[in-house]
Amino acid sequence: MIEHIDLSLCDGCGLCIDSCPTDVLRLMEAGKPWEVEPKTWKAVIVYPNECHSCRLCAIDCHVDAIRVTHALEIPPPFLVHR
Ligand code: SF4
Ligand code: SF4
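Described in the following lines is the structure provided in the data block. All values derive from a computational prediction rather than experimental measurement.

Here we take up the environment of Ile 17. Among the structural elements, Ile 17 can be located in helix H1 (residues 15-19). For Ile 17 and Ile 45, which are 28 residues apart along the polypeptide, the C-alpha to C-alpha distance reads 9.8 Å. Leaving out residues up to four positions away in the same chain, Ile 17 has contacts with Leu 25, Arg 26, Leu 27 and Ala 43.

This is the structure:
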């Protein structure tokens, strides 16, 4: 699952939004509403539960700002004992 986007690295290029097949990410304006132009844009995680850990966003990010946990790194929610 996508874990984190380092906003100090993100330059708002939008590559990760275009590469995500499941609509997890959006570009949003950074900063306070009253700040003067030009605004900067940052990628944000809006639907984390839609992520299936394909890592396309992390691979396409040219500043290595995205951290995705591999599906095998996620512990199972419970163990079934028989
Ligand atoms: S690809 Fe990287 S730099 Fe570009 S918007 Fe996404 S997180 Fe930001
Ligand atoms: S890992 Fe794949 S599904 Fe998850 S946010 Fe990145 S591109 Fe989208």
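Here the narrative resumes.
The subject of this paragraph is the site of ligand 1. Lining the immediate surroundings of ligand 1 are 13 residues, of which Cys 10, Asp 11, Cys 13, Cys 16 and Cys 61 lie closest. Class assignment of the residues belonging to the shell around ligand 1 gives a composition of nine nonpolar, three polar and one charged.

Looking now at the site of ligand 2. Neighbouring ligand 2 are the residues Ile 2, Cys 20, Pro 21, Thr 22, Val 24, Cys 51, His 52, Ser 53, Cys 54, Arg 55 and Cys 57. Taken together, the residues of the shell around ligand 2 break down into seven nonpolar, three polar and one charged.

A word on the nonpolar core. Within the largest apolar cluster, 15 residues are counted, with the highest numbers of intra-cluster contacts made by Ile 2, Ile 5, Leu 25, Cys 57 and Ile 66. Of all the secondary structure elements, the ones that give two or more residues to this core are strand S1 (2-5), helix H2 (56-60) and strand S4 (66-68).

With that settled, the discussion passes to the side chain of Lys 42. Within the secondary structure layout, Lys 42 lies in strand S3 (residues 40-45). Buried within the structure, Lys 42 lacks any salt-bridge partner; Asp 11 is the closest side chain of opposite charge, at an N-O distance of 7.5 Å. There is a polar contact of 2.8 Å between the side chain of Lys 42 and the backbone oxygen of Leu 7. A polar contact is formed between the side chain of Lys 42 and the backbone oxygen of Cys 10, at a distance of 2.6 Å. Not counting chain neighbours up to four residues away, the residues in contact with Lys 42 comprise Leu 7, Cys 10, Arg 26, Leu 27, Met 28 and Ala 30.

The rules behind each value
- Residues numbered from 1 in each chain as written.
- Chains lettered and ligands numbered in written order.
- Predicted model: local features only at pLDDT ≥ 70, side-chain atom pairs only at ≥ 80, totals over all residues.
- Heavy atoms only, no water.
- Helix = DSSP H or I, 4+ residues; strand = E, 2+ residues; numbered from the N terminus.
- Contact = heavy atoms within 4.5 Å.
- Near = heavy atom within 4 Å.
- Nonpolar A, V, L, I, M, F, W, Y, C, P; charged D, E, K, R; others polar.
- Core = buried A, V, L, I, M, F, W, Y, C linked by side-chain atoms within 4.5 Å.
- Buried < 20%, exposed > 50% of the residue type's maximum accessible area, 1.4 Å probe, protein only.
- Lys, Arg positive; Asp, Glu negative; His and termini not counted.
- Salt bridge = Lys/Arg side-chain N within 4 Å of Asp/Glu carboxyl O.
- Polar contact = N/O pair within 3.5 Å; in protein donor to acceptor, adjacent residues only side chain to side chain.

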